[in-house]
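Understanding the architecture of this molecule
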Amino acid sequence: MSNLIYDSFDSIHAGRDLKEKTKKYLARRSSPGHAGRLRYAIAAVVLLFLLLGGGEYIFYMTPVAAISIDINPSMEWEVNRLDRVVSVTCYNEEAEEVAEKLRFKHRKYDDAITELLASTEMSAYLSEDSTVNFSVVSEDANRCARMQERAAECAGHYCANVSCHGGSTEELQEAKEAGVSLGKYQAYLTLREADPSITLEEVSGMHMCQIRRLIEQYQAGDTEEGQASIPDAASEGSCPRNQDHTHYNNGGSQHRHRHHHEEN
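Residues numbered from 1 in each chain as written. Predicted model: local features only at pLDDT ≥ 70, side-chain atom pairs only at ≥ 80, totals over all residues. Heavy atoms only, no water.

1. A look at the overall build of the protein chain
Inclusion rule: Helix and strand definitions here come from DSSP, where helices need a minimum of 4 consecutive H or I residues and strands a minimum of 2 consecutive E residues; each element is numbered from the N-terminal end. Each accessible area is a Shrake-Rupley estimate made with a 1.4 Å probe; only the visible protein chains count as cover when residues are assessed.
For the protein chain, the helix and strand inventory stands at 11 helices and seven strands. Entry remark: accessible area of the protein chain is about 15600 Å², with carbon and sulfur atoms responsible for 51%.

2. Section: the pairing of strand 5 (residues 161-166)
Basically, it comes down to this: Partly exposed describes any residue whose relative accessible area lies between the buried limit of under 20% and the exposed limit of over 50%, with all areas from a 1.4 Å probe on protein chains only and scaled to the type maximum. Strands pair, by our definition, only if DSSP identifies at least two bridges between them. Throughout, right-handed denotes a crossover for which the path from the first strand over the helix to the second runs clockwise when the strands point away from the viewer.
Of all six residues in strand 5, six are buried, a share of seventy percent or more. The alternating pattern of strand 5 places Asn161, Ser163 and His165 and Val162, Cys164 and Gly166 on opposite faces, both of which are buried. In terms of strand pairing, strand 4 (residues 131-138) meets strand 5 through six bridges, oriented parallel. Directly across from Phe134, in strand 5, lies its bridge partner Cys164. Of the crossover connections in this fold, the one passing from strand 4 over helix 7 (residues 141-155) to the parallel strand 5 is right-handed.

3. Things to note about the side chain of Arg143
In plain terms, the rule: Definition of a polar contact: a pair of N or O atoms within 3.5 Å, with one able to donate and the other able to accept a hydrogen when the atoms are protein atoms, and with sequence-neighbouring residues admitted only if both atoms are side-chain atoms. By definition, residues are in contact when any of their heavy atoms lie within 4.5 Å.
The topology assignment puts Arg143 in helix 7. On the basis of relative accessibility, which here comes to 14%, the residue Arg143 falls in the buried class. Only 3.2 Å separates the side chain of Arg143 from the side chain of Asp83, close enough to count as a polar contact. Excluding residues within four positions of it along the chain, Arg143 makes contact with Val64, Ala65, Asn80, Arg81, Asp83 and Ser138.

4. Observations regarding the state of the cysteines
Operational definition: Note on terminology: disulfide denotes any pair of cysteine sulfur atoms within 2.5 Å.
A complete count under the given rule lists zero disulfides for this structure. No disulfide involves Cys159; its sulfur sits 9.3 Å from the nearest other cysteine sulfur, which is in Cys209.

5. Focus: the pairing of strand 1 (residues 65-70)
Burial analysis of strand 1 places six of its six residues in the buried class, which makes it a mostly covered element. Going residue by residue along strand 1, you find Ala65, Ile67 and Ile69 tucked away on one face and Ala66, Ser68 and Asp70 tucked away on the opposite face as well. Both strand 1 and strand 2 (residues 74-79) contribute to a ladder of six bridges, which runs antiparallel. Residue Ser68 lies in a different strand from strand 2, and its bridge partner there is Glu76. Hairpin connection from strand 1 to strand 2: three residues lie between these consecutive antiparallel strands. With six bridges connecting them, strand 1 and strand 4 associate as antiparallel partners. In the sheet register, Asp70 faces strand 4, and the bridge partner there is Asn133.

6. Comments concerning the packing of helix 8 (residues 169-178) against helix 9 (residues 182-194)
Here is the rule: Throughout, an axis means a line fitted to C-alpha atoms (over the contacting stretch in the case of helices), and angles, computed between N-to-C directions, take values from 0 to 180 degrees. Our angle categories are set so that under 35 degrees counts as roughly parallel, over 145 as roughly antiparallel, 65 to 115 as roughly perpendicular, and the remainder as oblique. In the scheme used here, Gly and all other residues not listed as nonpolar or charged are polar, with Ala, Val, Leu, Ile, Met, Phe, Trp, Tyr, Cys and Pro taken as nonpolar and Asp, Glu, Lys and Arg as charged.
One way to put it is that helix 8 packs onto helix 9 with a least axis distance of 9 Å and a crossing angle of 100°. One element, helix 8, and the other, helix 9, form an angle in the roughly perpendicular class. In this structure, helix 8 uses Glu171, Leu172, Glu174 and Ala175 to contact helix 9, whose residues at the interface are Leu182, Tyr185, Gln186 and Leu189. Of the residues contributing to the contact of helix 8 with helix 9, the split by class is five nonpolar, one polar and two charged.

Note that all results are geometric; they support no functional claim without further evidence.
Spelled out as structure tokens, the structure:
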């Protein structure tokens, strides 16, 4: 390397004295002592860049929220501070098939919701009676509320029945341990209060519209405890055609309803 540097001086048009002085300076800098210090300096710079890059990577990949999406496909996205999806977990085969064809990671969660619901892969699951359920968990209450609002806004263009709920980190952990989405787990907890005989396995195999219908039956008093008619997920015509609505539930403490009608 030193020879290349020295040889390059032959093409430089400068005085002989200046060239000689510059060569002597470079020779001193190339001595073993200076070379060692140079290597240490380079190593320090490289380490600094690695630390900075690693810090940015950790910042980017650290989730600050989770959003569960349940229709029949059930999946969960972890979202970072930049509102980008950093992990995708599928809870049934339908979700795996959809996630395999669509790429959600590193996209903003609202863009990913739009892509999901607008895709041909989801068209088979979105009918007039379909229900799209979002469950959002974040230690930041403002972020949780904002994500619910945004999710409902995006989904409202593709589905008449949209339900958005807040959740706790405890519920999220319990759902993970049970191997189901947060939305399905919350639905199970609601149904279990009305009928302790209902099992999580029964609820996890149902469509969200079927779950919604069963909850409404209990709320209306049409179903007695222990006599619930659990619909088969594969059955047709088991979901009612309700008025278009969006339901928000922020951690179970606040409720807000919005009714909208679309003109053909």
